[in-house]
Amino acid sequence: MSERIKLNFDLLKSDMVTKSLSDFCEKANNVVVPLMKELCVKITLESVVKYAGNSDELNADYLDAEKAKSKVDNAYLLQIVERNAAAQFDEAFDRYPYDDFEPRYPDLLMLSKERICVNAEAVREFCTIYLREDQREAYDRYMKAIEALNDFYRGKAQDGVFIGTQFPVKDGKVFPSQLINFDYYK
């Protein structure tokens, strides 16, 4: 299909997705991001989503990073480094505790100035319904029917009095419905 034809925008779905993502962002920005900052863990969208969903993984990665930074080869000294890092993690986690939580639509998030936020453009695209290639033939027939009706009525179609919701009329003209199911007419 060469051009994408927009059929509808699902406002209810958009509201639901935005609310779900906003709740995730608020919680992540209030506990996960500050915890990561305190531990000097690099903040990326992927890391915040990952660690929000698994605080044990944040703990393990933090301990590994601290051991690697210490560059200690001695097993005894490495245990001390690990114990100190574990204590630092526990202390920071006590200030920013959370139960693991995950976003339902992580691909619709973005990072802006070390804050997780909803990518409104991605949500808009996600909630837009486009014509599929297998619906093209039914869509073309539908558009021909609308063209024929407009040719017949010549701008004098009666508003609101028409064939169900499939051929709505406004200002004397028939226009495409956003509620038509092209799968039914294939």
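Residues numbered from 1 in each chain as written. Predicted model: local features only at pLDDT ≥ 70, side-chain atom pairs only at ≥ 80, totals over all residues. Heavy atoms only, no water.

Enquirer: Honestly, the packing of aromatic side chains in this entry has me stumped. Any pointers?
Expert: By convention here, two paired aromatic rings are described through the distance between centres and the angle between planes. In the structure shown here, the tally under the stated rule is 11 aromatic pairs. A centroid spacing of 5.2 Å and a plane angle of 55 degrees characterise the contact between Phe-24 and Phe-101, whose relative ring orientation is tilted. Of this pair, Phe-24 sits in helix H1 (residues 11-38) while Phe-101 sits in the loop between helix H4 (75-95) and strand S2 (109-112), placing them 77 residues apart in sequence. With a relative accessible area of 12%, Phe-101 lands in the buried category. Measuring from ring centre to ring centre gives 5.6 Å for Tyr-142 and Phe-182, while their planes differ by 75 degrees; the resulting arrangement is edge-to-face. Taken as a pair, Tyr-142 in helix H6 (residues 136-153) and Phe-182 in the segment after strand S6 (173-174) lie far apart in primary sequence, 40 residues in all. (Phe/Tyr/Trp six-rings, centres within 6.5 Å; stacked < 30°, edge-to-face > 60°. Helix = DSSP H or I, 4+ residues; strand = E, 2+ residues; numbered from the N terminus. Buried < 20%, exposed > 50% of the residue type's maximum accessible area, 1.4 Å probe, protein only.)

Enquirer: Help me understand the environment of Leu-7, please; the structure alone is not making it clear to me.
Expert: Mapped onto the fold, Leu-7 is located in strand S1 (residues 6-9). Leu-7 gets classed as buried once you look at its relative accessible area, which sits at 17%. Separated by 169 residues in the primary sequence, Leu-7 and Pro-176 place their C-alpha atoms 9.0 Å from one another. With near-sequence residues (within four places) excluded, Leu-7 lies in contact with Ile-129, Tyr-130, Leu-131, Gln-135, Tyr-139, Gln-178 and Phe-182. (Contact = heavy atoms within 4.5 Å.)

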